[in-house]
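A structural walkthrough
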Amino acid sequence: MDKIQVHPTGLVDPKDPLNPTKFLGPEALRASGGILVNQIGKRFVNELGLRDSVTNAIFNNCIPMKLNEENKIGNVISYLVMNSASVQLFQAPVFEFYKKRGFFVEYTNARDLAEKLGFEISTFQNVLINYTLAKENKIKDEFSKTVFPVAFSIEEPLFIGMVTPSIHYTMGGVAIDKNAKVLRKSNLQPIPNLYAAGEVTGGVHGGNRLAGNSLLECVVYARIAAYQATNLNQPLHLKQLQNILKQNNIIIKSKPIERIENAIKSNLIDEKFQSLFPLPIIIPDLIVNLKENQVNEAMKIIEQFNSIIFEQNKIISKVDINIDLTNPIIVLQIQ
């Protein structure tokens, strides 16, 4: 649960700066040429750096927002500066959405902006001049930045918005298996009939999620969870079972029956095998007196059954499990 991804540029609403919910200031704003400056108008980071790097730089070089209300302190903020060229590169209609909501304010030029926000005028102007020189001369700047999407002029109109690092995604959460089944913390065994998908789960993205992967995760595991949940009590026809076994190189011999039936009680099955099935089932006459290495081999293959859903109280009438160590294929004898 300690694996939390912080986005460096959550947009601060000037009309409601203490609101804990922020609009996302997408990476595309910085990728289009937006630059970050602190409270004196000085750049302090490669805007195209990793999220963690940009976030740490904001905390290390900027200060909390000053509010008029007594005894109230806002978030640590940085300023994101754009010009007309970067707005066009970002897409003007989309930028207009942020501007209309008050996230960005337009100023006549660099001096006008610096005076209104209390920047050191010469410091801020030099930031824009040096940034443009690095672009024109194709050199690495003091923050190791080598890509400069646009050039700035101290005489052109500028747009500026306040941004603050914001919680963006939590990589931690409940543990699940490949079938979206929630696992117990004590033994990592599935909790019957409980499934999870999306940001509530943990472990799918490791310690730091790649951008764009959360939507993919939601779709993939939501479909898996929905399939598993909606098929819990669906009957399994013998033909379906035969196809699945065939795909896993498991040989099945049986009489031509239409459906696997014969209701039996659940307290007779060996616990080792019962834990592998999604519903309480019984296999009478189950042969489990195998050597340890044989049992392990059997367990590996039987785990393939995790995706097979049996109708409750209906199961194979008799199964013999035989393992030939020279040819480790399970033979199921259905009678």
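Here is what the cut-offs are and how they apply
Residues numbered from 1 in each chain as written. Predicted model: local features only at pLDDT ≥ 70, side-chain atom pairs only at ≥ 80, totals over all residues. Heavy atoms only, no water. Helix = DSSP H or I, 4+ residues; strand = E, 2+ residues; numbered from the N terminus. Buried < 20%, exposed > 50% of the residue type's maximum accessible area, 1.4 Å probe, protein only. Contact = heavy atoms within 4.5 Å. Areas by Shrake-Rupley, 256 points an atom, 1.4 Å probe, with all protein chains shown as cover. Phe/Tyr/Trp six-rings, centres within 6.5 Å; stacked < 30°, edge-to-face > 60°. Core = buried A, V, L, I, M, F, W, Y, C linked by side-chain atoms within 4.5 Å. Arc of directions from axis to C-beta. Salt bridge = Lys/Arg side-chain N within 4 Å of Asp/Glu carboxyl O.

**Points about the overall build of the protein chain**
- The helix and strand inventory of the protein chain stands at ten helices and 13 strands.
- Residue burial in the protein chain is summarised as follows: out of 335 residues, 42% are buried.
- In the protein chain, the proportion of contacts linking residues at least 24 apart, taken out of those at least 6 apart, comes to 67%.
- Of the roughly 18700 Å² that the protein chain leaves accessible, carbon and sulfur atoms contribute 52%.

**Regarding the packing of aromatic side chains**
- Applying the stated criterion to the full structure yields ten aromatic pairs.
- Here the aromatic rings of phenylalanine 23 and phenylalanine 103 are separated by 5.1 Å at their centres, their planes lie at 50 degrees, and the arrangement is tilted. Taken as a pair, phenylalanine 23 in strand S2 (residues 23-24) and phenylalanine 103 in the loop between helix H4 (92-100) and strand S7 (104-107) lie far apart in primary sequence, 80 residues in all.
- Overall, the relative accessible area of 4% leaves phenylalanine 103 in the buried class.
- Judged by centre distance (6.3 Å) and plane angle (45 degrees), the rings of phenylalanine 90 and tyrosine 98 are tilted. Taken individually, phenylalanine 90 and tyrosine 98 each receive the classification buried, so the pair is uniform in this respect.
- Taken together, the ring pairs connect Phe23, Phe90, Phe97, Tyr98 and Phe103 into an aromatic cluster.

**Brief notes about the nonpolar core**
- Core analysis: the biggest nonpolar cluster contains 24 residues, and Val81, Phe119, Phe124, Phe152 and Leu158 have the highest contact counts within it.
- With 20 residues, the next largest nonpolar core counts Leu36, Phe44, Val76 and Tyr98 among its residues.

**Concerning unusual backbone geometry**
- Of note, the phi angle at lysine 138 is positive, near 55 degrees, even though the residue is not glycine.
- Its identity is not glycine, yet asparagine 193 carries a phi of approximately 60 degrees, on the positive side.
- Here asparagine 193 lies in strand S10 (residues 190-195).
- Given the relative accessible area of 49%, asparagine 193 is considered partly exposed.

**Describing helix H2 (residues 51-61)**
- Of all the positions in H2, only Arg51, Val54, Thr55, Ala57 and Ile58 are classed as buried. Here the buried residues of H2 occupy an arc of 160 degrees about the axis, which is enough to place them on one side.
- Elements that come into contact with the buried residues of H2 comprise strand S1 (4-11), helix H1 (27-31), strand S3 (35-37), strand S5 (73-76), strand S6 (78-83) and strand S8 (158-170).

**With respect to the pattern of salt bridges**
- In the structure shown here, the tally under the stated rule is nine salt bridges.
- A salt bridge links aspartate 141 to arginine 43, with the shortest nitrogen-to-oxygen separation between them at 3.0 Å. Remark: arginine 43 occurs in the loop between S3 and H2 and aspartate 141 occurs in the loop between helix H6 (121-137) and S8; sequence separation between them is 98 residues. Comparing aspartate 141 with arginine 43, the two get one shared label, buried.
- Each of Arg43, Glu47, Asp141 and Lys145 takes part in one network of salt bridges that share partners.

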